[in-house]
Amino acid sequence: KLTKESFPVTGMTCAACAVSVESMLANTKGVVGAGVNFATQTAWAQFDNTVASVEDLRQAVQSIGYDLIVDV
Ligand code: 9UX
């Protein structure tokens, strides 16, 4: 099911970091749209939750050195 969620992001120190996080999210399997706002240190992703989980998104972002803060 297509769902859209937003998350705080930690570790971004410049606008290029935000581009990297956005690209990683956008290229994660199941994700159909993603954005990162450097100023507010937040990210959103629209994804098929039968293909990708929030944990998959968190792990993808963590793999490039940033953290998505997800509800547990
Ligand atoms: Mo934001 Mo960097 O830096 O190498 S992309 S600090």
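Going by what an unreviewed UniProt entry lists, the protein is known as Heavy metal translocating P-type ATPase and is assigned to Imperialibacter roseus.

**Points about the overall build of the protein**
Assigned secondary structure in the protein consists of 2 helices and 4 strands. If you list the helices and strands of the protein from N to C, you get β-α-β-β-α-β. A globule of 72 residues ought to have a C-alpha radius of gyration of about 11 Å, and the protein, at 11 Å, matches this closely. Dimensions of the protein, computed from the C-alpha atoms along their principal axes, are close to 35 × 25 × 20 Å. By the burial criterion, 25% of the 72 residues in the protein qualify as buried.

**Quick word on the UniProt feature "domain: HMA" (unreviewed entry) in the protein**
Using the residue numbers shown here, the UniProt feature "domain: HMA" (unreviewed entry) corresponds to residues 3-69. Counted over residues 3-69, helix gives 31% and strand 36%. Its end C-alpha atoms are 17 Å apart.

**Examining the sheet that holds strand β4 (residues 67-68)**
Judged by pairing direction, the sheet is antiparallel, and its 4 strands sit side by side in the order β2-β3-β1-β4 without closing on themselves. Looking along the sheet, the strands with just one partner apiece sit at the ends: β2 (31-37) and β4. Taken together, the 6 bridges between β2 and strand β3 (residues 42-48) define a ladder with antiparallel strand orientation. Looking at the pairing, V31 lines up with F47 of β3. Its contacts with the sheet place helix α1 (residues 15-26) against β1 (2-10), β2 and β3, and it is angled at close to 165° to β2.

**Looking at the site of the ligand**
Around the ligand, the structure places T13, C14, A16, C17 and S20. For the shell around the ligand, the per-class residue count stands at 3 nonpolar, 2 polar and no charged.

**Some thoughts on α1**
Helix length check: α1 (12 residues) gives 17 Å between terminal C-alpha atoms against 16 Å at 1.5 Å per residue, within 8%. Buried residues of α1: A18, V21, E22, M24 and L25, and no others. Buried residues along α1 cover an arc of 160° about the axis, so they all sit on one side. Buried residues along α1 sit against β1, β2, β3 and α2 (54-62).

Parameters and conventions
Residues numbered from 1 in each chain as written. Predicted model: local features only at pLDDT ≥ 70, side-chain atom pairs only at ≥ 80, totals over all residues. Helix = DSSP H or I, 4+ residues; strand = E, 2+ residues; numbered from the N terminus. Rg over C-alpha atoms; globule rule 2.2 N^0.38 Å. Buried ≥ 20, exposed ≤ 12 C-beta atoms within 10 Å, placed from the backbone. UniProt positions renumbered as here; feature names shortened; annotations may be inferred. Pairing = 2+ DSSP bridges. Contact = placed C-beta atoms within 7 Å. Axes fitted to C-alpha atoms, helices over the stretch in contact; angles between N-to-C directions. Near = placed C-beta within 6 Å. Nonpolar A, V, L, I, M, F, W, Y, C, P; charged D, E, K, R; others polar. Expected span 1.5 Å × (residues − 1). Arc of directions from axis to C-beta.

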